[in-house]
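Listed here are the chains, written in short residue letters.
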Amino acid sequence: MDTRALGELTSSAQGLGCMGMSDFYGAGDDAESVAVIHRALDLGVTHLDTSDMYGPHTNERLVGRAIADRRDRVLLATKFGVVRDPDDPTARGIRGDAEYVRKACDASLGRLGVDHIDLYYLHRVDPTVPIEETVGAMAELVAAGKVRHLGLSEASAATLRRAAAVHPIAALQTEWSLWTRDIEAEILPTARELGIGVVAYSPLGRGFLTGRFAQRSDLADGDFRAVGQPRFADGNFERNLAIVDALRALADKRGVTPGQLALAWVHSRGGDVVPIPGTKRIKYLEENAAAADLALSEADLAEIEGAVPAAVGDRYSELGMATIDG
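These notes cover the structure that comes with them. (Residues numbered from 1 in each chain as written. Predicted model: local features only at pLDDT ≥ 70, side-chain atom pairs only at ≥ 80, totals over all residues. Heavy atoms only, no water.)

Thoughts on the packing of helix α2 (residues 58–67) against helix α3 (residues 98–112)
Next up, step 1: Here α2 crosses α3 at 45°, and the two axes come no closer than 7 Å. The angle between α2 and α3 falls in the class oblique. Residues Glu60, Arg61, Val63 and Gly64 of α2 lie in contact with α3, whose contacting residues are Ser108, Arg111 and Leu112.
Next up, step 2: Split into classes, the residues belonging to the contact of α2 with α3 amount to two nonpolar, two polar and three charged. (Axes fitted to C-alpha atoms, helices over the stretch in contact; angles between N-to-C directions. Helix = DSSP H or I, 4+ residues; strand = E, 2+ residues; numbered from the N terminus. Parallel < 35°, antiparallel > 145°, perpendicular 65-115°, else oblique. Contact = heavy atoms within 4.5 Å. Nonpolar A, V, L, I, M, F, W, Y, C, P; charged D, E, K, R; others polar.)

Written out as structure tokens, the structure reads:
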């Protein structure tokens, strides 16, 4: 697979989001998930994305086991800053203070079983702590050799500027897809001005753009999309199927799947963009990886953008949207 630049970090053109292997999208199978990670590495999908809050903690342990004998083949990315209550899985807190930065990093290194993290993100910006304090503490981790490159997730343009003044930021992780284009007005131009790459999570609209969900009952038990995602709510779900219908018609003409076409659109955004679609199935991993080779012309892009309607509903619940910086 081709590579792309995230600041001074070189990444495979596409990554693998590992969250759903352990949390949020229904029951997982660790053995199958390990097989998916191994197949991803064989395909050249070497950028693996996790977080300490997935599980919590169980996804980092899973990824650590999967890469234990092949660490040198992996760009390992994890995140900190979202604190979950083990007694109430729905409860969330955010911490970005220097003490917590150091504590969280050491804990992640232990769970992953590695001596360094290639790309370490602040998962959500703590509104009670100056970003200069948080990034300053993260920079100390770089100096100590525990972390190679720094990233922020869901940060505003203003926060990116303040953070980059403290230490180079390699990547901004943010939701970006055909149904989520919020960053394009201000955040994306700022990131590019500062030399910050973009890691696009949920590039398939949390799986919706693949066309695999024809009705809400197709979602598995325990899937947070059914209860915490406005775009999957009754009424919105049915209206958003128009997006899939448009994508499917365009994909059929090109002999690809709707998901592949949606992923190819994200790849077309630039050489500083790395989508990280998540999956826990080898079949879908291989389908997603093939999208990295799907070239779209200017005419193709114009046709896609002209045919695909805007999504109905916010991308998170009201509480979730409150954690988005700015």
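Focus: empty space enclosed by the protein
Next up, step 1: What the rule picks out here adds up to one cavity of 30 Å³ or more.
Next up, step 2: Considered as a void within the structure, the largest cavity measures approximately 40 Å³ in volume.
Next up, step 3: Lining the largest cavity, in full, are Glu175, Trp179, Arg206, Gln229, Arg231, Phe232 and Arg315.
Next up, step 4: Its residues assigned to classes, the lining of the largest cavity shows two nonpolar, one polar and four charged. (1 Å grid on protein atoms, 1.4 Å probe; cavity = no way out; pocket = protein on both sides within 12 Å on 5 of 7 lines; lining within 4 Å. Points joined across faces, edges and corners; volume = space filled by probe spheres on them.)

Description of the side chain of histidine 123
Next up, step 1: By secondary structure assignment, the location of histidine 123 is in the loop between β8 (117–122) and α4 (131–143).
Next up, step 2: Side-chain polar atoms of histidine 123 contact the side chain of serine 51, separated by 3.0 Å. (Polar contact = N/O pair within 3.5 Å; in protein donor to acceptor, adjacent residues only side chain to side chain.)

Let's talk about the sheet that holds strand β3 (residues 15–17)
Next up, step 1: The sheet built from eight strands is open, its strands ordered β3-β4-β5-β8-β9-β10-β11-β12 with parallel pairing. Where the open sheet ends on each side, the last strands, each with one partner, are β3 and β12 (273–275). On average, each strand axis in the sheet is inclined to that of its neighbour by 25°, with strand direction left out of account.
Next up, step 2: Where strand β11 (residues 197–201) meets β12, three bridges bridge the pair, whose relative direction is parallel. (Pairing = 2+ DSSP bridges.)

Things to note about helix α9 (residues 258–267)
Next up, step 1: The buried fraction of α9 amounts to ten of the ten residues, a majority that puts the element mostly inside the structure.
Next up, step 2: Here α9 has its buried residues at Pro258, Gly259, Gln260, Leu261, Ala262, Leu263, Ala264, Trp265, Val266 and His267.
Next up, step 3: Looking at the packing, one finds that the buried side of α9 touches β1 (3–6), β11, α8 (236–254), β12, α10 (282–290) and α11 (298–307). (Buried < 20%, exposed > 50% of the residue type's maximum accessible area, 1.4 Å probe, protein only.)

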